[in-house]
Amino acid sequence: MIILNKIISFYYREYKLNLSGFQDILTNIIFFFVSIFIFIFSIGPDKETISSIGIGIVWTLLLLSSTLSLRKFYQDDFENGNLLIMHLNGLSFGFIAILKTFSHFIFVQIPFLLSIPIACILLNIANDKLIYLFSSFVIGSFILSCLGSISSSMNLMNQRNFLLGSVIVMIFSVPIIIFSVGVVNLEENFNSLISILFGILLIVFAINPWASGLCLKLALENN
Amino acid sequence: MKFLVNPSKFNKFADNVFLPVLILSIILFSIGLIFSFYLSPDDYQQGSTVRIMYVHVPSAWLALLTYAIMTVYSIVGLAFRIPFGFIINTAVAPIGAVFTLICIVSGSLWGKPMWGTWWVWDARLTSVAILFIIYLVIIFMNLSFENRIVREKVVAIFVLVGSINLPIVKFSVDWWNTLHQPATISKLSKPSIDPSMMIPLIVMTFAFIMVGLAIAILRIKSEIISRKSNLN
Amino acid sequence: MILVKDLSIERSNKKIFKDVNLSLGSGKIVLLKGKNGSGKTTLLKALLNLIEPSSGTIYWKGKLLKKNLYNFFNHVTYIADRTSSLSKLSVQTNIKIWKKIFLSNISNSQVENILKTLKLDIYLNQKVNSLSFGETKKLELLRLILENKKIWILDEPLSNLDDESIDVIAQTFEDHRLKGGSIIFSSHQESEINVSEEVIL
C-alpha cells in the first residue's frame, strides 16, 4: 500500500500548491468571462445569433483559457527539482505524467466546469442543453489535460518559444472541438458522438504517459 | 540497403545518385509539363482548369509521403536509437511543408472557378491545412530548441503523435461527405481516369519525386556535415 | 554497495570525464573534487541513472543499477544544488509535505530539535521565499533526516553555508557514517569534514 500513500501525498502536495496559487486559477476564469464579454460586444447583442453560436464560443474560450495555464503544468516542478524528487521517490516518469494530468484536470478544469452554467446564462443557451455541454466538457477537458501534459513536457527545454506549446494543444484539439460542439448541437446523435469523444480520450490517455514520460526524462537528462 | 540508416554510406550513395536524379528531374519535368499543357485533352466539364490537377495531385501525394517517411524515421530514431532518423526528420520537414503549401495553393486556385470559392471548410481541406501547420510546428521546434539531443527526440515524438493526422487526411473523403472528390486512382480498382490524363499525371508525379529527392539529398548532406562539425 | 567501473561520459561529442572508478561501501564518505565544469554534477546524475554513460557500468549490490533502479531509489536521498522547497509555502507546510511524500517516521519533536540547532525554528511560519540563500539550503538539508535513507548523494551541500552550520553538517555526516550509511558529495571548497576517500575529476 506504499504506492497508494505516495499517490495521496502527491495530491496533498498539489492541493497545497494550488491553494497558495488560487488567484492564478481565478484569473483564468476571469479571462474566460472577459473574453465572453468581448465576443458578445464584437458580434452584437442579438439574442438569436448569440444563442446559435453560443456553444461554439463557450468551447473555443474554454480551450483558449485552459491553454493559458499550460506553462505551469511542469515548468515549476521541473525548475525546482521536484520532478526529480518524485521520480527518486519511486514514481516512474509515465506515472508522474498520469498523476499530473489528473491534478491539472481537478485543479484547473473543474473550476471551469463550475463556471459553465453562468456562461450559459450570459450566452442565452437553453437549459436543456446544459447537461450535454457538461458531459461533453468533462470528457473534452480531460483530453485537453492529456494534450497539455504532452505539449508542456515537450516544451520544457524550449526557452525561446513557449507559445509553440499552446499551438500544439490547439492543433490536436480540433477533433475534440468538432465532436464536442456536435454533441450539444445534434442531440439525437448524442450517444454515437460521445462514444467517439470517449474513444479519442482513450487514445490520448494511452499516448500521454508514453510521450510525456519520455519528454520529462529527456529534459531531466539534459538539464 | 544500409545507406538508408548510415550517414557515411548515405553520403557515398548520394554522391553517385545525385547527378542522375537531377538530370532525370529536369527531363521528367519538361516532358510532364509539355504533356500536361499541350498534349492532354481538356476535361468536358472542367475545361482547361483540369490541368491544375497535374500539379495538385502529385504535390498532395508527396506531402503525405514525406510525412510518412518522417514517421518511419522517427520510429527508427527513437526505437532503434539510430541518429540518422533524426537527421532525416530535420532535413525533410521543410520539403514536406512546401509540397503541402503547393497542394493547398493549387487546390484553391482550382476551387475558385470550379466551386466558386477559394476555400471551404470540408474535412479534406481542413485536415490538409492541419498537416501544413504540423509541418510548420516541426520546423519551428527545430529552430527554437537549443539542446540538440532534446530537440531531435522531442521532434520525433511530436512527429509520431502528429501522424494520427495522416489517415484522417487520406480517408477523410471516404469517411465524411465532402465537397472534395474521392480518390480517382487506387490500387484495388480500375482507375476512373482516362489514359490520356493518366500519363501526364504519372510523369508529373515522378518529376515531383525526383525534385523532392534532389533537394532532400542536398539537405540531408548539409545536415550530416553540420552535425559532424557540431554547428548545432 | 555502489560500484562504478570505468565510467566515461560524453555529451554532444565532448568528453566530460573518462574512466572514473569509484566504490561506495557502508560507512564511507566520498568527496568529489574538481574545477567548475569538470563533471561533478554529471557524475552524480549518472549515479542516479539520469544520464546515459557512453561506456562503463554502475553496479548496485552486485547487480546492474539499471535493472533494479527502483530498489536503489528506495535507499537513496539526492539533494541537488538548487532548492526544491516550494517557495510560495511556509517552512512548516514544506516540512509537512516532505514528511508525507517520504512517508517519514521522524517525530515532530525530533524535527523541532534539528530546526533549533540549524536556527530555523523562528522562521517556521514564514514563507520560504523570505528566507536567505543559506537558510533555504539548510532547510533543504533537513530532507536528509526526514527521508532517513542509507545513501546520501549530495551536490554542493556546503555552498552558501556559514562555518557554524558546516560544523553541524559535519557532525550529521559523522553520525550517519557511524550508523553504517554512506555519503557521496561534491564540493569545491575546503572543509573539515572527515572523508574516507577523495575523487578528483
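Residues numbered from 1 in each chain as written. Chains lettered and ligands numbered in written order. Predicted model: local features only at pLDDT ≥ 70, side-chain atom pairs only at ≥ 80, totals over all residues.

A. Spatial organisation of the overall build of chain C. Across its full length, chain C holds six helices and nine strands. Rg of the C-alpha trace for chain C: 17 Å, near the compact-globule value of 17 Å for 201 residues, within the 12% margin. Principal axes of the C-alpha set define a box for chain C whose edges measure 50 × 30 × 30 Å. When burial is assessed residue by residue, chain C has 33% of its 201 residues classed as buried. The long-range fraction of contacts in chain C, counting pairs at least 24 apart against all pairs at least 6 apart in sequence, stands at 74%. (Helix = DSSP H or I, 4+ residues; strand = E, 2+ residues; numbered from the N terminus. Rg over C-alpha atoms; globule rule 2.2 N^0.38 Å. Buried ≥ 20, exposed ≤ 12 C-beta atoms within 10 Å, placed from the backbone. Contact = placed C-beta atoms within 7 Å.)

B. Structural detail: helix α3 (residues 47-68) of chain A. All names here are of chain A. For α3, which comprises 22 residues, the first-to-last C-alpha distance of 29 Å matches the rise-based estimate of 32 Å (1.5 Å per residue) to within 8%. Taken as a whole, α3 carries its principal kink of about 55 degrees at Gly54. Those residues of α3 not exposed but buried are Gly54, Ile55, Val58, Trp59, Leu61, Leu62, Leu63, Ser65, Ser66 and Thr67. Those residues of α3 hidden inside the fold are in contact with α2 (22-43), α6 (93-122), α7 (130-154), α8 (163-172) and α9 (174-185). (Expected span 1.5 Å × (residues − 1). Bend = angle between axes of the 7 residues up to and from the residue.)

C. Focus on the interface of chain B and chain A. Taken together, the contact between chain B and chain A spans 17 residues of the former and 19 residues of the latter. When contributions to the side of chain B that touches chain A are tallied by element, the ones reaching two or more residues are α4 (123-144) and α5 (148-162) of chain B. In the side of chain B that touches chain A, the residues fall into 13 nonpolar, two polar and two charged. (Nonpolar A, V, L, I, M, F, W, Y, C, P; charged D, E, K, R; others polar.)

D. Geometry of the sheet that holds strand β7 (residues 151-155) of chain C. Residue and element names in this part refer to chain C. Pairing is parallel in the open sheet, where five strands are placed in the order β6-β7-β8-β3-β9. Two strands close off the open sheet at either side, each with one partner strand: β6 (76-79) and β9 (197-200). For this sheet the average axis-to-axis angle between neighbouring strands, irrespective of direction, equals 15 degrees. In this structure, β6 lies alongside β7, joined through four bridges in parallel fashion. Following the sheet pairing, Val76 is matched in β7 by Ile151. Contacting β3 (29-33), β7 and β8 (182-186), helix α1 (residues 40-47) crosses the sheet at an angle of about 150 degrees to β7. Sitting on the sheet, helix α5 (residues 133-147) touches β6 and β7, and the angle it makes with β6 is about 175 degrees. (Pairing = 2+ DSSP bridges. Axes fitted to C-alpha atoms, helices over the stretch in contact; angles between N-to-C directions.)

E. Layout of the nonpolar core. Ranked by size, the top nonpolar core spans 156 residues in total, and within it A:Cys215, A:Leu216, B:Val154, B:Ile157 and B:Phe158 carry the most contacts. Once residues within four sequence positions are removed from consideration, B:Val154 is found in contact with A:Met154, A:Cys215, A:Leu218, B:Met141 and B:Phe145. (Core = buried A, V, L, I, M, F, W, Y, C linked by C-beta atoms within 7 Å.)

F. Quick look at the environment of B:Ile209. Take B:Ile209: it is sitting in helix α7 (residues 195-228). In this structure, the C-alpha to C-alpha distance between B:Ile209 and B:Phe29, residues 180 residues apart in sequence, is 10 Å.

G. Here's a closer look at unusual backbone geometry. Residue and element names in this part refer to chain C. Residue Lys61 is not a glycine yet carries a positive backbone phi of 50 degrees. Among the structural elements, Lys61 can be located in the loop between β4 (55-60) and β5 (63-64). A positive phi is found at Leu103, a non-glycine position, where the angle reads about 50 degrees. In this structure, Leu103 sits in the loop between α3 (91-101) and α4 (108-117).

H. Inspection of the sheet that holds strand β1 (residues 2-11) of chain C at higher detail. Residues and elements named next belong to chain C. Pairing is antiparallel in the open sheet, where four strands are placed in the order β2-β1-β4-β5. Whereas interior strands pair on both sides, the edge strands pair on one side only; in this sheet they are β2 (14-24) and β5. Note: β4 against β5, two bridges, orientation antiparallel. Residue Trp60 lies in a different strand from β5, and its bridge partner there is Lys63. Across the sheet, α1 touches β1, β2 and β4, and the angle it forms with β1 is around 125 degrees.

I. Local environment of the packing of α6(A) against α7(A). Residues and elements named next belong to chain A. Close contact between α6 and α7 brings their axes to 9 Å; oriented N to C, the two are set at 145 degrees. In this structure, α6 meets α7 at a crossing whose hand is right-handed. Packed against α6, whose contacting residues are Ala97, Lys100, Thr101, His104, Phe105, Gln109, Phe112, Leu113, Ile116, Pro117 and Cys120, the element α7 presents Leu130, Leu133, Phe134, Phe137, Val138, Ser141, Phe142, Ser145, Cys146, Gly148, Ser149 and Ser153 at the interface. (Left-handed = near helix turned anticlockwise from the far one by under 90°.)

J. Up close: the pairing of β3(C). Residue and element names in this part refer to chain C. Summarising the sheet, β3 and β8 pair through four bridges and their orientation is parallel. Directly across from Leu31, in β8, lies its bridge partner Phe185. Relative to β9, β3 runs parallel, the two sharing four bridges. The residue of β9 that forms the bridge with Leu32 is Val199.

K. Focus on α2(A). Relative to the 32 Å expected for 22 residues at 1.5 Å per residue, α2(A) spans 32 Å between its end C-alpha atoms, a close match to the ideal helical length. Within two residues after α2(A), A:Gly44 carries a phi angle of roughly 90 degrees, on the positive side.

L. Representation of the packing of α7(A) against α9(A) in the model. Residue and element names in this part refer to chain A. It is at 8 Å that the axes of α7 and α9 come closest, and there the two elements cross at 165 degrees. Considered as vectors, α7 and α9 are oriented roughly antiparallel to each other. Of the two elements, α7 crosses α9, and the hand of that crossing is right-handed. On α9, the residues touching Tyr132, Leu133, Ser136, Gly140 and Ile143 of α7 are Ile176, Ser180, Val183 and Val184. Split into classes, the residues belonging to the contact of α7 with α9 amount to six nonpolar, three polar and no charged. (Parallel < 35°, antiparallel > 145°, perpendicular 65-115°, else oblique.)

M. Seen up close, the pairing of β1(C). Residue and element names in this part refer to chain C. Bridging between β1 and β2 involves seven bridges; their strand directions are antiparallel. Counterpart to Glu10 in the pairing with β2 is Lys15. Bridge count between β1 and β4: five bridges; the pairing is antiparallel. In the strand pairing of β4, Leu3 is matched with Tyr59.

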